Amino acid sequence: MTVTHTHRRHRPTATRAPRLASVGLVALAMTGVLARQADCQGLALDLEPLIPGGLARPVVIADAGDGSGRLFIAQQTGEILIWDGAELLPTPFLDVGALIICCGERGLLGLAFHPDFDTNGEFFINYTRLDGASVVARYAVSAGDPDQADPASAVVLLTVPQPRTNHNGGHLVFGPDGYLYVGLGDGGGAGDPESNGQNPGTLLGSLLRIDVDGTDPGLEYAVPLDNPFVGDPDGRDEIWAWGLRTPWRCSFDRLTGDLFIGDVGQAEVEEIDFQPATSTGGENYGWNLMEGSTCYGGGTGCNDGTLVLPILEYIHDLGRSVTGGYRYRGTDFPQLQGVYLYADYSYGTIWGTVPRCDGAWESQVLAEAPYLLSTFGEDAAGELYIAGYSSSNGSIHRLVVAAGAGGPSIGVDPTPLELPPARVGDTASAELLISNLNAGPEALLTTGMALVDTTRFAINPDGGSAPCGSVTPCLGPGENCTVEITFSSPTPDSYATLLTLTGNSPPVAVPMTAASYEPCTLQPHRTVAPDTVSDARLEQACLTVTAGPYAIVTPGDVTFLAGELIVLRNGFSVGSGATFSAAIDPLLALP
């Protein structure tokens with residue numbers, strides 16, 4: 001459908017963070033037991049109580065991004081509570097209980113804070129209205145109290161009728177591009193009887209993308225001009241991706257900008273869908289033609305090649321309802337770096353997953369919780385939380401690596417790495433051996449290698465051995481490779497840098513040193529040995545002329561019989577009166 005865009009601020013998609021590593025979209029079926037252990041082998045999580053109980057159906061844990069350190073907890077019954085870092089405040093931040101119908105799969109389902117919340121005070125909620133429709137509304141914090149929202153500030157942005165009581169979805173999240181993403185289920189009913197998931201002419205069964213900082217005619221928001229169905233009469237302008245059944249918790253990787261979507265299955269399969277940061281939208285994730293990577297209802301030939309398969313799926317022997325999570329980007333637990341965490345609501349299982357060298361994703365159980373797991377949350381520092389769901393005794397827990405839990409590790413040799421000196425204008429190089437010390441079956445360094453000083457030091461993409469020729473090498477268990485580091489400088493001096501190796505293991509910092517020096521200026525010369533030496537060869541030697549006769553040889557096997565030797569980079573300077581023999585290069589005498 002087509003609308004006219006006016007009075008809006010368009011954020012270009014280029015602001016969405018680029019991907020740092022390419023991964024393949026390969027489905028992994030987990031039947032009975034996990035197919036193989038992943039790179040988070042040896043890892044285990046503990047659930048550290050933050051709010052041990054007393055909550056009523058917690059479904060969202062959100063950080064406002066204002067630097068306050070507060071966590072906002074949305075309860076399905078309509079209240080938004082504040083954890084101020086020490087305690088749960090007694091008065092709700094906002095209570096919309098009188099506006100909603102609860103519970104089951106309805107109620108207050110989504111909460112997201114505007115990227116500029118610290119200056120504009122705006123936040124957004126998704127709830128089920130009393131008549132069953134899904135509503136996205138904007139609110140603002142009160143002028144006099146940062147711990148209180150202003151109920152009178154409400155502006156309804158979007159209303160979507162729901163034909164049934166289930167599959168509402170309801171997730172809200174702002175993307176790196178500054179737009180608001182809205183997850184909507186297929187409208188309910190077993191098997192999606194209206195086929196809303198495969199109908200881009202309805203907003204149901206889709207992930208929407210809207211601009212809350214502008215308005216189009218007749219709307220309380222604007223449609224980004226690069227949404228995939230803008231100008232297409234067969235699709236709604238707001239749709240960014242479609243073919244979803246019940247998207248329950250989506251998140252953007254704060255480092256790469258990649259999008260993960262947990263989509264609850266029907267009767268057989270739960271799935272995690274993926275969208276790379278480079279996507280221009282329009283992915284069809286297959287429901288109700290497919291459930292996971294198989295044709296829904298049996299049969300074959302349901303995928304004409306245009307459907308995007310999940311990166312992960314598990315059958316109902318392992319769980320009943322997926323809860324999408326986050327890729328860990330905090331700093332407290334380096335072992336978790338780059339691991340995507342997700343859970344099953346019904347069974348309380350928490351998995352961690354990373355991509356293998358071949359691009360397929362592989363999972364390992366990291367924790368088993370004794371309660372229903374309704375949502376994950378991420379604080380300002382990238383640390384992760386999870387909610388235990390209960391009608392009267394819900395809880396919030398911080399995810400921490402269990403004491404003594406292992407994980408993959410990177411070995412390097414040598415450390416520190418001392419590169420040979422280089423003449424100004426020339427380049428010196430040395431190799432660093434990188435090893436995967438992990439006993440698990442898969443690889444490291446999925447994030448990559450980074451040099452602090454990239455002016456004088458560089459990773460040579462054509463040097464070393466595979467796969468270290470890439471800045472994002474992937475090593476299997478016990479594998480190693482070499483990376484070539486080069487050094488050059490336009491000025492003579494000594495320099496130092498750090499090479500940092502990161503991935504799904506604790507980061508490794510390798511100190512590096514090198515020096516550059518000026519090439520020598522040679523005086524006129526004559527050859528006293530029978531061989532002749534060209535000026536080009538002499539330029540590889542160094543000689544400082546002060547007084548008296550001096551003799552010089554270019555580098556080689558030299559035996560000095562008397563006198564004092566001073567080594568100057570690529571040559572030798574010998575004091576007056578010294579006698580010596582040169583086994584390789586001819587003897588020179590300078591006037």
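Parameters at a glance
Residues numbered from 1 in each chain as written. Predicted model: local features only at pLDDT ≥ 70, side-chain atom pairs only at ≥ 80, totals over all residues. Heavy atoms only, no water. Helix = DSSP H or I, 4+ residues; strand = E, 2+ residues; numbered from the N terminus. Buried < 20%, exposed > 50% of the residue type's maximum accessible area, 1.4 Å probe, protein only. Contact = heavy atoms within 4.5 Å. Pairing = 2+ DSSP bridges. Axes fitted to C-alpha atoms, helices over the stretch in contact; angles between N-to-C directions. Phe/Tyr/Trp six-rings, centres within 6.5 Å; stacked < 30°, edge-to-face > 60°. Lys NZ or Arg CZ within 6 Å of the ring centre and 35° of its normal. Polar contact = N/O pair within 3.5 Å; in protein donor to acceptor, adjacent residues only side chain to side chain. Core = buried A, V, L, I, M, F, W, Y, C linked by side-chain atoms within 4.5 Å. Disulfide = S-S within 2.5 Å. Salt bridge = Lys/Arg side-chain N within 4 Å of Asp/Glu carboxyl O. pLDDT = per-residue confidence, 0-100.

**Some thoughts on the overall build of the protein chain**
For the protein chain, the count of helices and strands is 2 helices and 43 strands. Burial statistics for the protein chain: of 591 residues in total, 54% are counted as buried. Counting only contacts in the protein chain whose residues sit at least 6 apart along the sequence, the fraction spanning at least 24 positions is 62%.

**Some remarks on the sheet that holds strand β34 (residues 480-487)**
Within the open sheet, the 4 strands sit side by side as β28-β31-β34-β33. Their pairing is antiparallel. Strands at the two margins of the open sheet, each flanked by one partner only, are β28 (410-413) and β33 (457-459). Averaged over all neighbouring strand pairs, the angle between strand axes comes to 30 degrees, with direction disregarded. In this sheet, β34 lies alongside β33 in antiparallel orientation, the contact comprising 3 bridges. Paired with A458 across the two strands is T486, which belongs to β34.

**Description of the packing of aromatic side chains**
Taken as a whole and assessed by the stated rule, the structure comprises 22 aromatic pairs. Seen in terms of ring centroids, F93 and F123 are 5.1 Å apart; in terms of plane orientation they differ by 45 degrees. Their pairing is tilted. With a gap of 30 residues between them, F93 in the loop between β5 (79-83) and β6 (94-95) and F123 in strand β8 (residues 122-128) connect regions that are remote in the sequence. This pair shows no difference in class: F93 is buried, exactly as F123 is. Arranged with centres 6.0 Å apart and planes meeting at 50 degrees, the rings of F487 and Y495 form a pair that is tilted. In this structure F487 comes out as buried when scored by relative accessible area, which is 0%. What makes Y495 buried here is its relative accessible area of 12%. Linked through ring pairs, F260, F274, Y314, Y340, Y342, W351 and W361 together constitute an aromatic cluster. It is R245 that lies over the ring of W287; its NZ or CZ is 5.8 Å from the centre.

**Some details on the side chain of E283**
As for its position among the elements, E283 is in the loop between β17 (269-275) and β18 (290-291). At 2.6 Å, the side chain of E283 and the side chain of S279 are in polar contact.

**A few points about the pairing of strand β13 (residues 206-210)**
Counted residue by residue, β13 has 5 buried out of 5 residues, so it is predominantly covered. Alternating positions in β13 separate into two faces, S206, L208 and I210 on one and L207 and R209 on the other, with burial throughout. Bridge analysis of strand β12 (residues 180-184) against β13 gives 5 bridges, and the strand direction is antiparallel. Bridging across to β13, L180 finds its partner in I210. With 3 bridges connecting them, β13 and strand β14 (residues 239-242) associate as antiparallel partners. In the strand pairing of β14, L208 is matched with I239.

**Let's talk about the environment of Y389**
Locating Y389 in the fold gives a position in strand β26 (residues 384-389). Taking the relative accessible area as the measure of exposure, Y389 reaches 14% and is therefore buried. For Y389 and T375, which are 14 residues apart along the polypeptide, the C-alpha to C-alpha distance reads 8.5 Å. What Y389 contacts, discounting residues up to four positions off in sequence, is R57, P58, V59, Q76, Y345, L372 and S374. A distance of 3.1 Å separates a polar atom in the side chain of Y389 from a polar atom in the side chain of R57.

**Looking at the nonpolar core**
Counting residues in each nonpolar core, the largest one holds 40 residues, and the members touching the most others are I80, L94, L111, F123 and I125. Excluding residues that lie within four positions of it along the chain, L94 makes contacts with G78, E79, I80, F123, I125, Y139, A149 and P151. Grouped together as the second largest cluster of nonpolar side chains are 26 residues, I410, L451, I485 and L499 included.

**Let's talk about the environment of P224**
Structurally, P224 is set in the loop between β13 and β14. For P224, a relative accessible area of 0% translates into the label buried. Each C-alpha atom of the pair P224 and W240 lies 9.8 Å from the other, and the pair is 16 residues apart in sequence.

**Remarks on the state of the cysteines**
Tallied over the entire structure, the rule returns 2 disulfides. Each disulfide pairs two cysteine sulfurs, and for C102 the partner residue is C103, the sulfurs being separated by 1.7 Å. What sets the handedness of the C102 and C103 disulfide is the S-S torsion sign, and at about 85 degrees it is right-handed. Overall, the relative accessible area of 21% leaves C103 in the partly exposed class. The residue that forms a disulfide with C295 is C302, at a sulfur-sulfur distance of 2.1 Å.

**A word on the pattern of salt bridges**
A side chain of one charge can pair with a side chain of the opposite charge when the charged atoms of the two come close. Here the structure, examined in full by the defined rule, presents 14 salt bridges. Ionic pairing is found between D226 and R209, a salt bridge with its closest N-O pair at 2.9 Å. Of the two residues, D226 sits in the loop between β13 and β14 while R209 sits in strand β13, which places them 17 residues apart along the sequence. D226 sits in the partly exposed class, given a relative accessible area of 26%. In this structure, E383 engages R398 in a salt bridge whose closest nitrogen and oxygen atoms are separated by 3.8 Å. With E383 in the loop between β25 (372-378) and β26 and R398 in strand β27 (residues 394-401), this pair connects stretches of sequence that are 15 residues apart. E383 sits in the buried class, given a relative accessible area of 3%. Connected via shared salt-bridge partners are E48, D332, E383 and R398.

**Things to note about the sheet that holds β13**
Strand order in the open sheet formed by 4 strands is β11-β12-β13-β14, and the pairing between neighbours is antiparallel. Each end of this open sheet is capped by a strand with a single partner; those strands are β11 (169-174) and β14. Adjacent strand axes in the sheet meet at a mean angle of 20 degrees when their direction is disregarded.

**As for the confidence of the model for the protein chain**
For the protein chain, per-residue confidence averages 81 on the pLDDT scale, and 76% of positions sit at 70 or higher. Segment residues 1-39 is flagged for pLDDT under 50; beyond a separation of four residues in sequence, or across chains, it makes 133 contacts in the model. Below pLDDT 50 for its whole length, residues 520-591 participates in 124 contacts with residues either more than four positions away or in separate chains.

**Comments concerning the environment of C295**
When you line up the elements, C295 lands in strand β19 (residues 294-295). Exposure remark for C295: the relative accessible area of 16% places this residue in the buried category. Each residue touching C295, except ones within four places of it in the same chain, is listed here: L289, M290, T300, G301 and C302.

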